[in-house]
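# Residue-level structure breakdown
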Amino acid sequence: MGVMMKRNRTLGVGLVSLGWMGRLHTRAYKSLAEKFPEIDAGVRLVSCCDLLEENRQQAVDRLGFSTAVDDYHDVIENSEVDVVSICAPNFLHRDIALAVAEAGKPFWIEKPMGISAAQSRQIAEAAEDKELVTSVGFNYRHTPAVEFARQLIADGRLGTVTNARVWLIADYASDPRGPLTWRYDRQRAGAGVILDLMGHGEDLVQYLLKKRITEVSAISDTFIRQRPKPLKEGVGHTGWVVSDELGPVGNEDYCAVMARMEDGVTCTLESSRVSVGPRAEYIIEVYGTEGSIRWNFEDLNHLQVCLGRDNGALQGYINCMAGPDYPEFLRFQPGAGTSMGFDDMKVVEAAKFVRGVLDGQQYGPSVADGWASAEINDAIIASCADRAWHDVEPVSGRTTFDK
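The rules behind the values
Residues numbered from 1 in each chain as written. Predicted model: local features only at pLDDT ≥ 70, side-chain atom pairs only at ≥ 80, totals over all residues. Heavy atoms only, no water. 1 Å grid on protein atoms, 1.4 Å probe; cavity = no way out; pocket = protein on both sides within 12 Å on 5 of 7 lines; lining within 4 Å. Points joined across faces, edges and corners; volume = space filled by probe spheres on them. Helix = DSSP H or I, 4+ residues; strand = E, 2+ residues; numbered from the N terminus. Nonpolar A, V, L, I, M, F, W, Y, C, P; charged D, E, K, R; others polar. Core = buried A, V, L, I, M, F, W, Y, C linked by side-chain atoms within 4.5 Å. Buried < 20%, exposed > 50% of the residue type's maximum accessible area, 1.4 Å probe, protein only. Contact = heavy atoms within 4.5 Å. Pairing = 2+ DSSP bridges. Axes fitted to C-alpha atoms, helices over the stretch in contact; angles between N-to-C directions. Salt bridge = Lys/Arg side-chain N within 4 Å of Asp/Glu carboxyl O. Expected span 1.5 Å × (residues − 1). Lys, Arg positive; Asp, Glu negative; His and termini not counted. Polar contact = N/O pair within 3.5 Å; in protein donor to acceptor, adjacent residues only side chain to side chain. Phe/Tyr/Trp six-rings, centres within 6.5 Å; stacked < 30°, edge-to-face > 60°. Lys NZ or Arg CZ within 6 Å of the ring centre and 35° of its normal.

Here we take up empty space enclosed by the protein. A water-sized probe, rolled over the atoms, reveals where empty space remains. Counted under the stated rule, the structure contains 1 cavity of 30 Å³ or more. Here the largest cavity defines a volume of roughly 110 Å³. Lining of the largest cavity is provided by 17 residues; of these, Pro112, Met113, Ser373, Ala374 and Asn377 occupy positions nearest its centre. Going through the elements one at a time, helix 5 (117–129), helix 8 (193–209) and helix 10 (367–386) are the ones with two or more residues in the lining of the largest cavity. Looking at the lining of the largest cavity, the element that brings in the most residues is helix 10, giving 6 residues. Here the residues of the lining of the largest cavity sort into 8 nonpolar, 7 polar and 2 charged.

As structure tokens, then:
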């Protein structure tokens, strides 16, 4: 592992791309002093890179960065920057991550790491060669209810796990008048909903079961085939201005997968970005011989649990609400009934990254985990093309989903 940094010091942060996720990383770093006071290091926002002058101005005036630049190399080469957050669009991830790794600086990168398994492998191997602590944005792992469910499964409370079901159904692209952004361009985004949402489902099921997906069979489709070309860029999915001219959508809106996992566990996964109804219905169910669990991101503070087969009239799910007995919950809220939110998962992710950098240990999702997801995605894409089963290539490096 890389050189351990001394505690009781200030960690200089550089950030590339101040979109919605870049702003979320920024807030997460700022929250560490309050939520994780035992991390004996200050965090200083040193430099932010963004191509938009308005974003650079906000980075300095509103968010607290000391400097803002329009070339990411200036962030990486800044001697006061110790770690780098990579929040740029998919097609830029590889070049930025390779440059950060070459500079020997730990980095926190959003998923998908690259637009293909080949790119993700390059990133992972470059970081491993430098023995860097890394983090990948698999933030749903860090939800207290998910962490609690993982422990139930590891303790054998569900008996022998037989199968799992995962679906991530969203409506963020359901309006055909939505802009033709880079997300719909195969050259810049790679696949569509497979990389955007399905990757989270793959990581969730592997993390909960501590087992690898080994084989997949899949189908996909594009339901909205044209979108208006943008006149003005926005932040994330909002703030865009579009023209009357339409352009073709280059990747899929929907995908369904059958998967085999280690130890004979079977799994189904489904993702859509164009649903009308569910807003962000990200659900995972795990079934065993003695019980099951069910978690829904739209109700992220609850975990549905059924333990045992002989509960008579009480057979069925108990709806458990996260509280102080759940991992990390008490850092954010005083008791059950006061809910946590999406941003809090990113604070936990930031804490694992920063603590790992200070300790020289890999605590959070690693670049090997990002590469593992990319190999699943490549197998899914290949299966969608030829309608055959495809093996998922194993990866080297320090995965954490199986720890």
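In this structure, Val286, Trp295 and Ile380 are the most contacted members of the largest nonpolar core, which totals 83 residues. With 10 residues, helix 9 (residues 342–359) is the largest single contributor of residues to this core. Those residues in contact with Ile380 that sit more than four places away from it in its chain are Ile194, Met198, Glu202, Val216, Ala218, Cys255 and Val257. Residues Val46, Val84, Phe107 and Ala126 belong to the second largest nonpolar core, which totals 23 residues.

Strands sit in the order 3-2-1-4-5-6 across an open sheet of 6 strands; the sheet is parallel. A strand with exactly one partner marks an edge of an open sheet, and here the two such strands are strand 3 (67–69) and strand 6 (134–136). Each strand of the sheet is rotated relative to its neighbour by a mean of 20 degrees, with strand direction disregarded. The pairing of strand 2 (residues 41–49) with strand 3 spans 3 bridges and is parallel.

Let us look at the pattern of salt bridges. Using the criterion set out here, one finds 29 salt bridges in the structure. Here Arg183 makes a salt bridge to Asp196, at a shortest N to O gap of 3.9 Å. Here Arg183, found in the loop between strand 7 (161–170) and helix 7 (186–189), pairs with Asp196, found in helix 8; they are 13 residues apart in sequence, far enough to count as distant. Glu285 is the partner of Arg294 in a salt bridge, and the nearest nitrogen-oxygen pair spans 2.7 Å.

The first and last C-alpha atoms of helix 4 (residues 90–102) sit 19 Å apart over 13 residues, in line with the 18 Å expected at 1.5 Å per residue. Within the sequence span of helix 4, burial applies to Asn90, His93, Ile96, Ala97, Val100 and Ala101. The inward-facing, buried residues of helix 4 abut strand 1 (9–16), helix 3 (72–76), strand 4 (83–86), strand 5 (107–109), helix 5 and helix 7.

Its boundaries defined by the atoms lining it, the second largest pocket holds a volume of some 240 Å³. In terms of lining residues, the second largest pocket is bounded by 15 residues, among which Glu147, Arg150, Tyr207, Lys352 and Tyr363 are the most central. Residue assignment for the lining of the second largest pocket shows that the elements contributing at least two residues are helix 6 (144–154) and helix 9. Tallied by class, the residues present in the lining of the second largest pocket amount to 5 nonpolar, 4 polar and 6 charged.

Summarising the element assignment, Lys111 is placed in the loop between strand 5 and helix 5. For Lys111, which is buried and forms no salt bridge, the nearest opposite charge comes from Asp196, at a distance of 4.1 Å. In this structure the side chain of Lys111 is engaged in a polar contact, spanning 3.0 Å, whose partner is the backbone oxygen of Leu195. Within the local environment of Lys111, its side chain forms a polar contact with the backbone oxygen of Asp196, the two atoms lying 2.4 Å apart. Apart from residues no more than four positions distant in its own chain, Lys111 is found in contact with Val136, Gly137, Phe138, Leu195, Asp196, Leu197 and His200.

The next point concerns unusual backbone geometry. What you tend to see is this: most non-glycine residues have negative phi, and most peptide bonds are trans. With omega at -10 degrees, the peptide bond leading from Lys111 into Pro112 counts as cis. Mapped onto the elements of the fold, Pro112 is located in the loop between strand 5 and helix 5. Even without being a glycine, Asp263 presents a positive backbone phi close to 65 degrees. Locating Asp263 in the fold gives a position in the loop between strand 11 (254–261) and strand 12 (266–272).

Turning next to the packing of aromatic side chains. All chains considered together, the criterion is met by 13 aromatic pairs. Judged by centre distance (4.2 Å) and plane angle (25 degrees), the rings of Phe148 and Tyr326 are stacked. Of this pair, Phe148 sits in helix 6 while Tyr326 sits in the loop between strand 16 (318–321) and helix 9, and the two are 178 residues apart along the sequence. Members of the aromatic cluster, connected to one another through ring pairs, are Trp20, Tyr140, Tyr282, Trp295, Phe297 and Phe342. Here the basic side chain of Arg227 rests over the ring of Tyr184, its NZ or CZ set 4.4 Å away from the ring centre. Positioned above the aromatic ring of Trp389, the side-chain terminus of Arg260 is 4.0 Å from the ring centre.

To continue, consider the pairing of strand 12. In regular strands, side chains alternate between the two faces of the sheet. When strand 7 meets strand 12, the two strands line up parallel, connected through 7 bridges. What sits directly across from Leu168, in strand 12, is Ser271. The sheet contact formed by strand 11 and strand 12 spans 7 bridges and is antiparallel. Opposite Met258, over in strand 12, you have Thr268 as the bridge partner. Counting the residues between successive antiparallel strands, the hairpin from strand 11 to strand 12 contains 4 residues, one of them, Asp263, with a positive phi of roughly 65 degrees.

These results come straight from atomic positions and should not be treated as a statement about function.
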